Amino acid sequence: SDPATPKSTLVQPNISDRPHNTDIVLSLKDPIYKQVMFEKFQIMGARNGREGKTKVDKMRDTICSLFKKTMGNNGKFLQSDRKMKNTRAVGDDVALEKIRMDLVRRDETLKNWLKV
């Protein structure tokens, strides 16, 4: 075997590979939501002092559009309890606020997503 070739490669799930008409669980404990959010956190970087509302709102809208495409016509935004046992459907307004809050609070998970 070629020593330059890695023996195994971890394959991350890609949201664009997911079937449409998929529900989105609005939780950083959900692997797909977490993957998308961490990718966007990396783009935005760590928060330095006061961050403009516009920057957060633009990213929130980008993320929401991405999820809407994945959801298709029949998919829903779901909110879960802390243990990820029970979910309930929520409207776009609740989803937008949850995404915005996760963007604002991204430094709390910095060690998990920041690439140094």
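Right, let's walk through the structure included here. (Residues numbered from 1 in each chain as written. Predicted model: local features only at pLDDT ≥ 70, side-chain atom pairs only at ≥ 80, totals over all residues. Heavy atoms only, no water.)

Observations regarding the overall build of the protein
1) Next: Scanning the protein from N- to C-terminus turns up 4 helices and 3 strands.
2) Next: For the protein, the proportion of its 116 residues judged to be buried stands at 33%.
3) Next: Within the protein, contacts between residues separated by at least 24 positions form 68% of all contacts whose residues are at least 6 apart in sequence.
4) Next: Carbon and sulfur atoms provide 51% of the accessible area of the protein, an area that totals close to 8,000 Å². (Helix = DSSP H or I, 4+ residues; strand = E, 2+ residues; numbered from the N terminus. Buried < 20%, exposed > 50% of the residue type's maximum accessible area, 1.4 Å probe, protein only. Contact = heavy atoms within 4.5 Å. Areas by Shrake-Rupley, 256 points an atom, 1.4 Å probe, with all protein chains shown as cover.)

Considerations on the layout of surface pockets
1) Next: Each pocket or cavity is described by its volume, and for the largest pocket that value is around 440 Å³.
2) Next: Listed by contribution, the elements that provide at least two residues to the lining of the largest pocket are β2 (77–80) and α3 (92–104). (1 Å grid on protein atoms, 1.4 Å probe; cavity = no way out; pocket = protein on both sides within 12 Å on 5 of 7 lines; lining within 4 Å. Points joined across faces, edges and corners; volume = space filled by probe spheres on them.)

Details of the pairing of strand β3 (residues 87–90)
1) Next: When β2 meets β3, the two strands line up antiparallel, connected through 4 bridges. Bridge pairing links L78 to A89 in β3.
2) Next: The hairpin turn running from β2 into β3, its antiparallel successor, is 6 residues long, and M84 in that turn takes a positive phi close to 60°. (Pairing = 2+ DSSP bridges.)

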